[in-house]
Amino acid sequence: MGTTMTGTERKSERKVLRVLDGEAIGPPPAWMMRQAGRYLPEYRATRAEAGSFLDLCYSPDFAVEVTLQPIRRFGFDAAILFSDILVVPHALGQDVRFVEGEGPRLDPLDGREAFSKLREAGDPAVMTHLAPVFETVTRLRAELPGETTLLGFCGAPWTVASYMIGGRGTPDLAPARALAEGDTALVDALIDRLVTVQTDYLVRQLEAGADAVQIFESHAGTLPLAVPTSDGTVEPVGDVAESALPGAPAADALTRWSLQPIARMVAGVRARVPGAKIIVFARGSGLDGHARVVPETGADAVGVDWGVDLKALRATVPATTVTQGNLHPETLIEGGAALDAAVDAVLEATAGRPHIFNLGHGITPQTPVAHVERMLDRLRGQG
């Protein structure tokens, strides 16, 4: 007669959690950012059935289905909750909509009057609005294979604030940067509210069944040009490139607007969920910024974007630092020998070190499914 594994025994099978504990596994476990997405025909079918993108996010039936699709097809070592970072501003009362072919649109939070209309961090309506997300997490943990790690997530305060202020994503985030330099107190208040709300949001995901969470600082490469001084004025601290990669923000701006708020979130989550596993992805922060993520935020792992030399980063950080990434999404589109070589380069750079195989940004819709299969065959030693 067979025996039933305990929860602890099932968790011990989850390779991503073992790596987040500092174990070097060869070959490393793998998942992909945006792995549930438009490159999959089954996702496109479910998306059409769901209607709007937000309906897809808020319906546990649909959200569970699309989260499971890449697990069924590829057997990834982790599933990441299907949702969006903008459900949080939506829960705060900001109008959020997704325009087909254009992306998210929000009513811009361009001043104090707009800010005053947002819900307070302690308003019960905020988490009530997000209840379908927590239901999705619980159902996913029950339906996923025992060896599959379940990841929750949210956006970092600066990244979410930049969308809330500008009303959309722009290459240089000029509206958010301008408000941060012109009304620092307002942006501080917005980031404080996001720190509080999103800390609670991550805690509830973990309580609902997530094994670990990732904080996406997708806009670290487009931080403000200035930071406050002790007398309340602002001073320039460096230029921000038009493109988030391969440039990097000035060190003070990265600390002020990104790493410090994330560190508060990490500490807040761990105060309520001791030992919580947290990955931080600070896209566009450069080699130095990536090296600072773990020591300055307290995260368990740093997600590495495609603009950073992974071998150079591994040589810069302690051998025990857990890294994740950084295969270029365009290399996955190219496929063939170039993809094989890129996979081999990641394995060489991280040999004997704790690493989670992933992309350096999200997979793009035009990626052939066969190329994902080839990548995994190469990684797993079958190619």
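Per chain, the residues get numbers from 1 upward, laid out in the order the sequence is written. The predicted nature of this model means local features are confined to residues of pLDDT at least 70 and side-chain atom pairs, given and counted, to a pLDDT of 80 or more, with totals for whole chains, interfaces and linings taken over all residues. Hydrogens and waters are ignored; side-chain quantities use all the structure's heavy atoms.

Convention followed: UniProt positions are given in the numbering used here, feature names are shortened, and annotations may be inferred rather than shown by experiment.
Per an unreviewed UniProt entry, the protein goes by Uroporphyrinogen decarboxylase and derives from Methylobacterium oryzae CBMB20. Under the heading Pathway (unreviewed entry), UniProt records this for the protein: "Porphyrin-containing compound metabolism; protoporphyrin-IX biosynthesis; coproporphyrinogen-III from 5-aminolevulinate: step 4/4."

1. Some words on the side chain of R14
Rules: In this description a helix means any DSSP run of H or I spanning at least four residues, a strand means any run of E spanning at least two, and both kinds are numbered starting from the N terminus. In this scheme, a residue with accessible area under 20% of its type's maximum is buried, one over 50% is exposed, and one in between is partly exposed, where area comes from a 1.4 Å probe on protein chains only. Within 3.5 Å is the distance limit for a polar contact, defined as a pair of N or O atoms, with the added protein rule that one can donate a hydrogen and the other accept it, and that residues adjacent in sequence qualify only through two side-chain atoms. In what follows, a contact means two residues having at least one pair of non-hydrogen atoms within 4.5 Å.
With respect to the element layout, R14 can be found in the loop between helix 1 (7-12) and helix 2 (15-20). The exposure class assigned to R14 is buried, which follows from its relative accessible area of 5%. A polar side-chain atom of R14 sits 2.7 Å from the main-chain carbonyl oxygen of G146. Residues in contact with R14, not counting those within four places in the same chain, are R141, G146, E147, T148, T149 and D211.

2. Quick look at the nonpolar core
What counts, and what does not: Note on terminology: a nonpolar core comprises buried Ala, Val, Leu, Ile, Met, Phe, Trp, Tyr and Cys residues joined through side-chain atoms within 4.5 Å.
I215, V372 and M375 are the most contacted members of the largest nonpolar core, which has 127 residues in total. It is helix 12 (residues 184-208) that contributes the most residues to this core, 12 residues altogether. Excluding anything up to four places from it in sequence, V372 contacts M32, Y39, F74, F76, L332, I363 and T367.

3. Some thoughts on the UniProt feature "binding site: substrate" (unreviewed entry) in the protein
According to UniProt, the "binding site: substrate" (unreviewed entry) feature falls on R34, Q35, A36, G37, R38, D84, Y163, S218 and H361. Apart from residues lying up to four places away in sequence, A36 is in contact with Y43, V66, T67, P70 and F82. Along the chain, D84 turns up in the loop between strand 1 (78-80) and helix 6 (87-91). When its relative accessible area of 17% is taken as the criterion, D84 is described as buried. When neighbours within four sequence positions are excluded, D84 is seen to be in contact with F53, C57, F98 and F153. Engagement of the side chain of D84 in a polar contact is seen with the backbone nitrogen of L86, the distance being 2.8 Å.

4. Side note on the environment of T184
Position of T184 among the secondary structure elements: in helix 12. Reaching out from T184, the side chain makes a polar contact with the backbone oxygen of A180 at a distance of 2.9 Å.

5. A few points about helix 10 (residues 157-166)
Residues spaced three or four apart along an α-helix face the same direction, because each turn holds 3.6 residues. For helix 10, a buried count of nine out of 10 residues is recorded, marking the element as mostly surrounded by other parts of the structure. Taken residue by residue, helix 10 has P157, W158, T159, V160, A161, S162, Y163, M164 and I165 as its buried positions. One or two positions beyond helix 10, positive phi appears at G167, with a value near 85°.

6. Let's talk about the packing of aromatic side chains
As a reminder of what qualifies: Only rings of Phe, Tyr and Trp enter the pairing, Trp through its six-membered ring, and a pair is recorded when the two centres are within 6.5 Å. The plane angle decides the type: under 30 degrees is stacked, over 60 is edge-to-face, the rest tilted.
Taken as a whole, this structure holds nine aromatic pairs when the rule is applied. Between the aromatic rings of F134 and Y201, the centroid separation amounts to 5.9 Å while the plane-to-plane angle is 55°, which identifies the pairing as tilted. With a gap of 67 residues between them, F134 in helix 9 (residues 131-143) and Y201 in helix 12 connect regions that are remote in the sequence. In this structure, F134 and Y201 share a single accessibility class: buried. One aromatic cluster in this structure is built from Y43, F53, F82 and F98.

7. Comments concerning the pairing of strand 4 (residues 149-155)
Stated precisely, the cut-off is as follows: Strand pairing requires that DSSP identify at least two bridges connecting the strands.
Among the seven residues that make up strand 4, seven are buried, leaving the element largely enclosed by the rest of the structure. Residues T149, L151, F153 and G155 point to one face of strand 4 and L150, G152 and C154 to the other, with burial holding for every one of them. One ladder, built from three bridges, connects strand 1 with strand 4; its direction is parallel. In the sheet register, A79 faces strand 4, and the bridge partner there is L150. Inspection of the sheet shows strand 4 paired to strand 5 (residues 212-217) by five bridges, in the parallel sense. Residue F153 lies in a different strand from strand 5, and its bridge partner there is Q214.

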